[in-house]
Amino acid sequence: MRVIVTGGAGYIGCWAVRKLLDAGHSVLVLDKGFFPVGVSYVKSLGVEFIEADIRAFPTNTITQYDAIIHLAGLSNDPVANFSPLGNDQMNRVATKELCERAAEAGCKRFIFASSASVYGFSDTPKIDETAPINCQSYYAESKAQAEEYVLQYANDIGGVVLRQATVMSWSPRHRNDLVVNTMVKSSLETGKIVVNAGGEATRPLIDVRDLSEVYIRVLAAPASDVVGNIFNVNHRRAAGTIFEGYTIASLALWIKHLLEANHGVHAEVMGNWECNEGRSYDMTSKKLRRVLDWEPQRGVSEAVDSLMAHRNELKSYDQSNIEWMKALEHGQKIAQSTGGVFDI
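Everything numeric here is computed off the predicted structure, so don't read it as measured data. (Residues numbered from 1 in each chain as written. Predicted model: local features only at pLDDT ≥ 70, side-chain atom pairs only at ≥ 80, totals over all residues. Heavy atoms only, no water.)

*Asks:* In this structure, what is going on with the pattern of salt bridges? I would like to understand it.
*Replies:* When the charged atoms of two side chains lie near each other, side chains of opposite charge can form a pair. Applying the stated criterion across every chain, the model contains 18 salt bridges. The partner of R236 in a salt bridge is E295, with the nearest N and O atoms 2.8 Å apart. One end of the pair, R236, is in the loop between β11 (230-233) and β12 (246-247); the other, E295, is in the loop between α11 (286-292) and α12 (300-309), with 59 residues separating them in the sequence. Owing to a relative accessible area of 22%, E295 belongs among the partly exposed residues under this scheme. Three or more residues joined by partner-sharing salt bridges are found here, namely K96, E100, R101 and E104. (Salt bridge = Lys/Arg side-chain N within 4 Å of Asp/Glu carboxyl O. Helix = DSSP H or I, 4+ residues; strand = E, 2+ residues; numbered from the N terminus. Buried < 20%, exposed > 50% of the residue type's maximum accessible area, 1.4 Å probe, protein only.)

Below you can see the structure in the form of structure tokens.
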């Protein structure tokens with residue numbers, strides 16, 4: 001299949017593009033180019049690359065494709081709070097317009113990377129896709145509204161919604177602002193893992209490599225099995241556990257153990273009682289496992305191993321999305337007022 005990956009130079013996109021190529025697909029990456037490391041990586045794979053804003057989808061230059069994996073947009077609560085308008089435009093409005101363009105072009109499969117954060121707060125373990133959403137942030141609201149467009153156009157574009165758990169593990173365009181990645185980096189730099197509000201909040205998790213495999217399998221699945229559906233996407237812990245995910249406190253203790261036992265890194269788990277968690281939910285990917293006859297294989301242990309294998313690559317300037325967005329915004333304002341870096 002010829003597949004467009006929007007946001008294909010991002011944290012998830014780099015792995016998704018690589019997996020698609022390995023599976024024999026032809027890939028076109030559409031990305032604004034916020035992250036030069038990711039752009040360089042996907043270009044090194046030999047894919048067609050178009051630098052463009054998702055809000056201005058270049059329909060004149062992209063005419064023939066079979067599927068879209070829609071990853072582009074602002075990616076977490078802090079960035080959405082920094083620019084609520086940009087968040088709405090990139091996550092909600094652009095998704096609606098992309099669905100319209102896909103319908104006109106006869107797109108056969110449209111995979112939308114939504115977020116489990118739409119569940120907000122829930123004290124029920126292993127909630128499924130029928131659970132009510134309870135958005136607690138601009139980011140979650142924009143994802144929930146975008147889901148509606150994908151489902152509205154589902155029969156015309158082969159629309160599928162994936163409510164993705166918090167992603168973990170190393171990526172060529174890495175992020176250190178995701179909970180597992182953050183805990184490992186903090187352990188290496190400070191010898192501490194800090195949990196907010198006692199670590200009582202729960203969080204489902206998914207390895208970025210397994211998430212990319214989900215895209216491949218959803219592309220290949222019969223339309224009758226997936227189109228028009230919402231799927232939770234997360235790794236499940238061993239049978240018999242209360243949650244498929246982790247409380248933040250238990251996750252911190254598990255990472256502490258893995259680092260000490262497998263990598264000789266010692267860390268202290270500490271509580272931060274001055275901060276509250278903005279969301280807490282656990283979910284099950286039982287529906288995904290049944291439909292695909294497969295389930296994500298990599299848990300926290302594999303993610304920690306991946307991060308430690310790249311421990312010397314966890315210090316780049318652009319690995320915290322909010323800090324990098326602020327830097328880009330500042331640089332843009334300076335350039336507008338004084339000209340380019342080397343201009344007179």
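*Asks:* Where do I start with the packing of helix α7 (residues 179-190) against helix α10 (residues 248-263) in this structure?
*Replies:* Packed helices, taken two at a time, are described by their axes: the angle between them and the distance between them. Where α7 contacts α10, the axes come no closer than 10 Å and their chain directions differ by 50°. With respect to their mutual orientation, α7 and α10 come out oblique. As for how α7 packs across α10, the hand of that crossing is right-handed. Here V179, V180, M183, V184 and S187 of α7 lie close against α10, whose contacting residues are I248, L251, A252, I255 and L259. (Axes fitted to C-alpha atoms, helices over the stretch in contact; angles between N-to-C directions. Parallel < 35°, antiparallel > 145°, perpendicular 65-115°, else oblique. Left-handed = near helix turned anticlockwise from the far one by under 90°. Contact = heavy atoms within 4.5 Å.)

*Asks:* What should I look at first to understand the sheet that holds β11 in this one?
*Replies:* Where strands meet in a sheet, backbone hydrogen bonds hold them as pairs that are either parallel or antiparallel. Taken in spatial order, the seven strands of this open sheet run β3-β2-β1-β4-β5-β6-β11, and their pairing is parallel. Both edges of this open sheet fall to β3 (48-51) and β11, since each of them pairs with a single strand only. Within the sheet, the average angular offset between the axes of one strand and its neighbour, ignoring direction, is 20°. Alignment of strand β2 (residues 26-31) against β3, held across four bridges, turns out to be parallel. The partner of D31 across the bridge, within β3, is E51. Lying on the sheet, helix α5 (residues 138-152) is in contact with β5 (109-115), β6 (159-164) and β11; it crosses β5 at an angle near 160°. (Pairing = 2+ DSSP bridges.)

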